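Overview (structure and organization)
The lines below spell out each chain.
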Amino acid sequence: MTDRETASYVGRPIARREDAALLRGAGRFVDDLHVDGVLHLRFVRSPYAHAAVREVRTAQAAALDGVVAVLRARDLDLPDLTPPLDTVGAVEIGRPILADRLLRFVGEPYATVIAVDPYVAEDGAELVELDATPLPAVVDPLDSATRPPALLHEPHPTNVLYENKFTAGPVDEAFADAAVVLRRRLRSPRQTAVPMEPRGILVEPHDGGLRVHASTQSPHMLHRALVEHLGIATDAVSVVCPDVGGGFGLKAHVYPEEIATAAVALRLGRPVKWIEDRADNLTAACHARDQHLDVRLAADSDGRLRALDVDVVCDVGAYGVFAHGHLLEAMGTPSMIPGPYRLDAYRFRSRAVATNKCPEGAYRGVGLPVATFVHERVMDLIAAATGVDRVEVRRRNLVAAVDMPHHSITGQRYDSGDYGAALDAALDAVDYPGFAARQQEALRDGRLLGLGIAAYVEYCAVGSAVFQRRGMRGLAGFDEAHVALDADGAATVWTTLPAAGQGLATTFAQLAADELGVPMERVTVAPVDTAVAGLHGNGTFASRSAVSGGGAIALTCQEIVRRLREDAADLMEIAVDDLEVVDGRVRVIGSPGNALEVGEVVARAPAGRYALSRRYDPPQAVYPYGVHACIVEVDPTTGRVRLDRYVVAEDCGRVINPLVADGQVRGAVAQGLAGALFESFVYDAEGQPQTASLMDYLVPTASEFVPIEIHHLAVAVPDSPTGTKGVGESGTLGPGAAVANAVADALGSECNTLPVGLEWARAAARERLGRGRVGSLAGVSGATT
Amino acid sequence: MTRIRITVTINGAVVERAVDPRMLLSDFIRHEARLTGTHVGCEHGVCGSCTVQVDGSPVRSCLLFAVQVDGREVRTVEALAAERDGALHPLQEAFHAEQGLQCGFCTPGFLMSVEPVLDRVEEMDDAQIRALISGNLCRCTGYEGIVCAVREAARKMASPSRSRPGGAS
């Protein structure tokens, strides 16, 4: 491992290499790739939430000038895309590549039109006639779990696709004798990731094989799915990631549309491109976070949490996503509801319930923003019920630094950290002790200020052992790197982790340059290409690139350095232990003039000795953590919540590049705030989407945000080869909880539903001010203080 | 469909084509003129990724038909550096220095929206700059780097000798 004291590049705010091309408009996203003779594919999608297909008439579409083919499920004849699950309590649910007899959500593709240009393909899609009988739409997940109006996946006898019951510790005893027992219902909205570039794929067939460019986070997963689904040899397929315009989890999956496009290209023997439009992206890619929670808590009068009993219902939509399945949140949320707190008695029931909606998949943070919303509301509820200050309640329950590593009641192993230090840092930044006076003063002027706190802990960079334990057979869990040194001493790095804005071409080069002991400008990080060196790996999700990709790069580079020293020792007739690689030279320790250029050592070695691969499989997850604190003001005339301050104190371990890490935190916090205040994907009672454009699904603009203040802690991380924890997702965990707590503090009214509703906030604000005028000021101090 | 012959000047070069009346300007720029720096993010005029300039003013190229710009001058993101012999425009430099981009998909739209009004930015406070860029969506950055980049670029354009806040004036 690189000596961290002498690291040349890691830790420095090096401006990104990716930027110049992107700024010039010279980025190459999948729709920017031009291929002569390419055909354009359009999916024909279900207008019904639930319907039985009687007939699909394609003749008119097929006759349209410029339409090359109109294909249905029976034409493609492909097996379902079934996420492979061995999870106890879960059923494997197949998802048709194209729906045949049954339509299960608005937006589900049931036919495809291939044409010479995208306009004609769209014309053709409008000419496809669907004759179908509507079936009862299953829209409410609570109904779906208990008294479903229809079953989605017969013969499976229920719409509950996964159920897990867990009890540990003396739960009933705690509820029997605790001073405080409360029950609340919490609601997390259905959201979707909205990468600015929708999905897209370009498939070029050649000699029985396929060359694929895809906007994906998981190229190796896509590669395997194409091989298995289409029955082609693995070495006949290559998947290349061009520039990817954001992913956020939505592009971590393999979709039916991608398999269908490849199948069509193979069948027609011509290059085919599918570029998704925004309406399809909003309604038919994947959604997330749609949860109903019934939370019971028991606490002592001193504010100590005694027990939790939680019922989690995840509305997963019509299918699982490939290869993750339908239980990402139903498994993840309850496992992390204990959060950064000690908990000795915990019971939960968690269910993934099918409805006639877009399938749910991964979205940045996956189940953990909802888990954080639960445990942070719990802390404030305990404070309100006991009269113990909410900060003190948290201090009394946080896992102490001296108790690390801490095994949580759900079997998570929190590896390292100082949670109390993060709390201190965030509270200092917002001047917590001074806030009560500021709040009172504002209230005298009829202004409603509130402060909210959210502590979180997150698992990330999970390895194959964890995925196997979860029964998720289709996820690799490991990542690989291939590094080649040439006779000029330049290094090229390939990995299994594509970037979608994370700046990996820069940060991986920093890591590799330090590990190899060569100047960073001599290191190139190549685009991910599954044909290179037979690499296989997980792909970029679960905040794993720095840990898992960084780990694979470090292991590969360490072996290269070992070989450089060994070979140079022979060439120089000197002991290996007397050599080091620094600044592109293998030199004698203490006598730096006595050296060989790295390139010279490579040139004199047998071919292939300096092109090698290594795998890193994280033996266990690592756990970033932090505390968010925010101050908001609620406008009593509109109910609008205005952000005043937003502070993050977080620990992602060793920071490779502060510019990149802060960018990840800011972007993630912004997405968390979007879910706290604006975004909610809505279906009506018939299962029709009501938010199928960006005029209805409210992605916030710059005017909705304030600067996000970031403080980094860096407690040593023993379980990561690069000293890093993940940083891509953690920022999404705090905002929902912090905003809900701040709004509750401002209004003196519990905020248990996100996003914060304008009408609710307006009514609560008016009531608060009404009370403020008649009551004494002491009587209207923050509800939770 | 009867095609219509149009002549459009894009980044100083004359592009002549016969196009369907329904062809969007965004598609004309990307697929006829093969300038793919202009990106299409929503095709309904909300996200701003496809913003270009027509006769100097920012427009959503997904909300115009190509035939509507017959005889007019279109300027796209590719022009910014090309007009400077390949050197980045100060606005592009500022986006780089201030982390104003991550995935880079929305970036050309922000650049083309802001560039014509940079000379007005120096007088703007933070909220006004945020309002100025609120016609463009970015999902990666949380906008902070973009706000800083716009402010920095305006400062540099107004007084090239001044570089950073607090520097000599």
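Cut-off values and rules
Residues numbered from 1 in each chain as written. Chains lettered and ligands numbered in written order. Predicted model: local features only at pLDDT ≥ 70, side-chain atom pairs only at ≥ 80, totals over all residues. Heavy atoms only, no water. Salt bridge = Lys/Arg side-chain N within 4 Å of Asp/Glu carboxyl O. Helix = DSSP H or I, 4+ residues; strand = E, 2+ residues; numbered from the N terminus. Buried < 20%, exposed > 50% of the residue type's maximum accessible area, 1.4 Å probe, protein only. Pairing = 2+ DSSP bridges. Axes fitted to C-alpha atoms, helices over the stretch in contact; angles between N-to-C directions. Left-handed = near helix turned anticlockwise from the far one by under 90°. Contact = heavy atoms within 4.5 Å. Nonpolar A, V, L, I, M, F, W, Y, C, P; charged D, E, K, R; others polar. pLDDT = per-residue confidence, 0-100. Domains from an automatic or database assignment. Buried area = accessible area lost by both parts, 1.4 Å probe. Polar contact = N/O pair within 3.5 Å; in protein donor to acceptor, adjacent residues only side chain to side chain. Parallel < 35°, antiparallel > 145°, perpendicular 65-115°, else oblique. 1 Å grid on protein atoms, 1.4 Å probe; cavity = no way out; pocket = protein on both sides within 12 Å on 5 of 7 lines; lining within 4 Å. Points joined across faces, edges and corners; volume = space filled by probe spheres on them. Lys, Arg positive; Asp, Glu negative; His and termini not counted. UniProt positions renumbered as here; feature names shortened; annotations may be inferred. Expected span 1.5 Å × (residues − 1).

**A few points about the pattern of salt bridges**
Residues and elements named next belong to chain A. Summed over the entire model, instances satisfying the criterion amount to 71 salt bridges over all chains. With a shortest N-O distance of 3.7 Å, aspartate 100 and arginine 72 are connected by a salt bridge. One end of the pair, aspartate 100, is in the loop between α3 (73–76) and β4 (102–103); the other, arginine 72, is in strand β3 (residues 67–72), and 28 residues separate them in sequence. Residue arginine 72 is classed as buried on the basis of its relative accessible area, which comes to 10%. Two residues, arginine 306 and aspartate 300, come together in a salt bridge whose shortest N-O distance is 2.9 Å. On the basis of relative accessible area, aspartate 300 is assigned to the partly exposed category, the value being 23%. What emerges from the salt-bridge pattern is a single network uniting Arg187, Arg190, Asp290, Asp315, Lys357 and Glu360.

**As for the sheet that holds strand β24 (residues 579–582) of chain A**
Residue and element names in this part refer to chain A. Strand order in the open sheet formed by 3 strands is β24-β25-β26, and the pairing between neighbours is antiparallel. Only two strands of the sheet have a single partner each, and these edge strands are β24 and β26 (591–597). Within this sheet the neighbouring strands show an average axis-to-axis angle of 35°, counted without direction. Both β24 and strand β25 (residues 585–588) contribute to a ladder of 4 bridges, which runs antiparallel. By the bridge assignment for β25, valine 581 is matched with valine 586.

**What to know about the packing of helix α11 (residues 368–386) of chain A against helix α12 (residues 390–397) of chain A**
Residues and elements named next belong to chain A. At a minimum axis separation of 8 Å, α11 and α12 run at an interaxial angle of 120°. Considering how the two elements wind past one another, α11 and α12 form a crossing that is right-handed. For the pair α11 and α12, contact is made by Glu376, Met379, Asp380, Ile382 and Ala383 and by Arg390, Val393, Arg394 and Asn397, respectively. Of the residues contributing to the contact of α11 with α12, the split by class is 4 nonpolar, 1 polar and 4 charged.

**Comments concerning the confidence of the model for chain B**
With 94% of its residues at a pLDDT of 70 or more, chain B shows a mean pLDDT of 94. When the criterion is pLDDT under 50, residues 162–169 of chain B qualifies, and its contacts beyond four places in sequence or with other chains add up to 12 contacts.

**Points about the pairing of β25 of chain A**
Each regular strand shows side chains that alternate between the opposite faces of the sheet. All names here are of chain A. The side-chain alternation of β25 yields one buried face, formed by Val586 and Val588, and one unburied face, formed by Arg585 and Arg587. Connecting β24 to the antiparallel partner β25 that follows it, the hairpin turn spans 2 residues, and aspartate 583 within it adopts a positive phi of roughly 55°. Bridge count for β25 against β26 is 4 bridges, and the pairing is antiparallel. When the bridges of β26 are listed, valine 588 appears paired with serine 591.

**Regarding the domain arrangement of chain B**
Residue and element names in this part refer to chain B. According to the domain assignment, chain B contains domain 1 (4–76) and domain 2 (81–158). The C-alpha-based centres of domain 1 and domain 2 are spaced at 21 Å. With 16 residues of domain 1 at the interface, the matching set in domain 2 holds 13 residues. Around 1,100 Å² of area is buried between domain 1 and domain 2 when both sides are counted, 49% of it from carbon and sulfur atoms. Across the domain 1-domain 2 interface, the total number found is 2 salt bridges.

**Here's the deal with the interface of chain B and chain A**
Contact with chain B, which involves 47 residues of that partner, is made by 52 residues of chain A. Across the interface of chain B and chain A, roughly 4,200 Å² is buried in total on both sides, 56% from carbon and sulfur atoms. It is Gln99, Gln102 and Arg139 of chain B in chain B that bury the most area against chain A; as a group they hold 20% of the surface buried on that side. Our enumeration of links across chain B and chain A arrives at 5 salt bridges. Here glutamate 144 of chain B and arginine 666 of chain A are joined by a salt bridge, their closest N and O atoms 3.1 Å apart. Between the two partners, chain B and chain A, sit 26 residue pairs in polar contact (both at pLDDT 80 or more). Put simply, the parts of the chain that give the side of chain B that touches chain A at least two residues each are α1 (25–32), α2 (78–82), α3 (90–97), α4 (107–114) and α6 (126–132) of chain B. A class-by-class count of the residues in the side of chain B that touches chain A yields 21 nonpolar, 17 polar and 9 charged.

**A look at the packing of helix α7 (residues 219–230) of chain A against helix α8 (residues 256–268) of chain A**
All names here are of chain A. Contact geometry for α7 and α8: axes closest at 10 Å, N-to-C directions at 55°. The angle between the axes of α7 and α8 places the two elements in the oblique class. Taken as a pair, α7 and α8 cross one another with a handedness that is right-handed. Along the contact surface, α7 presents Leu222, Ala225, Leu226, His229 and Leu230, while α8 presents Glu258, Ile259, Ala262, Ala263 and Leu266. Of the residues assigned to the contact of α7 with α8, the class counts are 8 nonpolar, 1 polar and 1 charged.

**Points about the environment of leucine 81 of chain A**
Residue and element names in this part refer to chain A. Mapped onto the elements, leucine 81 comes out in the loop between α3 and β4. Overall, the relative accessible area of 2% leaves leucine 81 in the buried class. Along the chain, leucine 81 and alanine 225 lie 144 residues apart, while their C-alpha atoms are 8.6 Å from each other. Other than its neighbours up to four places away in sequence, leucine 81 contacts Ile93, Gly94, Arg95, Ile97, His229, Val254, Tyr255, Pro256, Ile259 and Phe322.

**Considerations on the layout of surface pockets**
Left-over empty space is what a probe sized like a water molecule reveals as it rolls over the atoms. In this structure, the largest pocket occupies an estimated 790 Å³ of space. Along its surface, the largest pocket is lined by 35 residues, and Pro118, Glu122, Ile275 and Asp277 of chain A together with Glu43 of chain B are the ones closest to its centre. Elements with a contribution of two residues or more to the lining of the largest pocket: β1 (39–45), α4 (118–127), β13 (272–275) and α9 (278–284) of chain A together with α1 of chain B. When residues in the lining of the largest pocket are grouped by element, the largest group, 6 residues, is from α4 of chain A.

**Observations concerning the side chain of glutamate 515 of chain A**
Positionally, glutamate 515 of chain A belongs in helix α16 (residues 504–516). The buried charged residue glutamate 515 of chain A lacks any salt bridge, with arginine 654 of chain A as its nearest oppositely charged partner at 5.9 Å.

**Examining the UniProt feature "domain: Aldehyde oxidase/xanthine dehydrogenase a/b hammerhead" (unreviewed entry) in chain A**
Mapped onto the present numbering, the UniProt feature "domain: Aldehyde oxidase/xanthine dehydrogenase a/b hammerhead" (unreviewed entry) falls on residues 24–136 of chain A. What you have in residues 24–136 of chain A is 18% helix and 31% strand, and the ends, taken at the C-alpha atoms, are 51 Å apart.

**Observations concerning helix α19 (residues 658–677) of chain A**
Since the α-helix turns once every 3.6 residues, residues separated by three or four places project in the same direction. All names here are of chain A. Taking 1.5 Å of rise per residue, 20 residues should cover 28 Å, and α19 covers 28 Å from first to last C-alpha, within 8% of that figure. Across the 20 residues of α19, 17 count as buried, placing the element largely inside the fold. Measuring from the side-chain oxygen of the N-cap residue of α19 to the backbone nitrogen of leucine 659 gives 3.0 Å; that N-cap residue is asparagine 657.

**Quick notes on the domain arrangement of chain A**
A common way to state how big an interface is: give the accessible area lost once the parts meet. Residues and elements named next belong to chain A. Looking at the assigned domains, one finds that chain A contains domain 1 (19–27 + 478–616), domain 2 (33–135 + 194–284) and domain 3 (365–458 + 621–780). The straight-line distance from the C-alpha centre of domain 2 to that of domain 3 is 39 Å. Both faces combined, the contact of domain 2 with domain 3 buries some 810 Å², and carbon together with sulfur accounts for 69% of it. Area buried by domain 2 at its contact with domain 3 is led by Val106, Leu282 and Thr283, which between them contribute 50% of it. Counting across the interface, domain 2 meets domain 3 through 0 salt bridges.

**Here's the deal with unusual backbone geometry**
Looking along the chain, the bond that leaves glutamate 154 of chain A and enters proline 155 of chain A is cis, with omega of 10°. By the secondary structure assignment, proline 155 of chain A is in the loop between α5 (141–146) and β7 (160–168). In this structure, the amide linkage connecting phenylalanine 322 of chain A to the following residue, alanine 323 of chain A, adopts the cis form with an omega of 0°. Position of alanine 323 of chain A among the secondary structure elements: in the loop between β16 (305–317) and α10 (328–336). Its identity as a non-glycine residue notwithstanding, alanine 533 of chain A has a phi of 60°, on the positive side. Relative to the helices and strands, alanine 533 of chain A is located in the loop between β23 (523–525) and α17 (545–572). Here the phi dihedral of aspartate 55 of chain B falls at roughly 50°; this positive angle occurs in a residue that is not glycine. Looking at the secondary structure, you find aspartate 55 of chain B in the loop between β3 (51–54) and β4 (57–60). Judged by relative accessible area, aspartate 55 of chain B falls into the partly exposed class, the value being 45%.

**Considerations on the sheet that holds strand β15 (residues 291–299) of chain A**
Residue and element names in this part refer to chain A. Taken in spatial order, the 5 strands make up an open sheet running β7-β17-β16-β15-β8, and their pairing is mixed. What marks the edges here is a single partner per strand, and that holds for β7 and β8 (180–188). Across the sheet, the mean angle separating the axes of adjacent strands is 5° when strand polarity is ignored. Sheet topology note: the β15/β16 ladder contains 9 bridges and is antiparallel. By the bridge assignment, valine 295 is partnered in β16 with valine 310.

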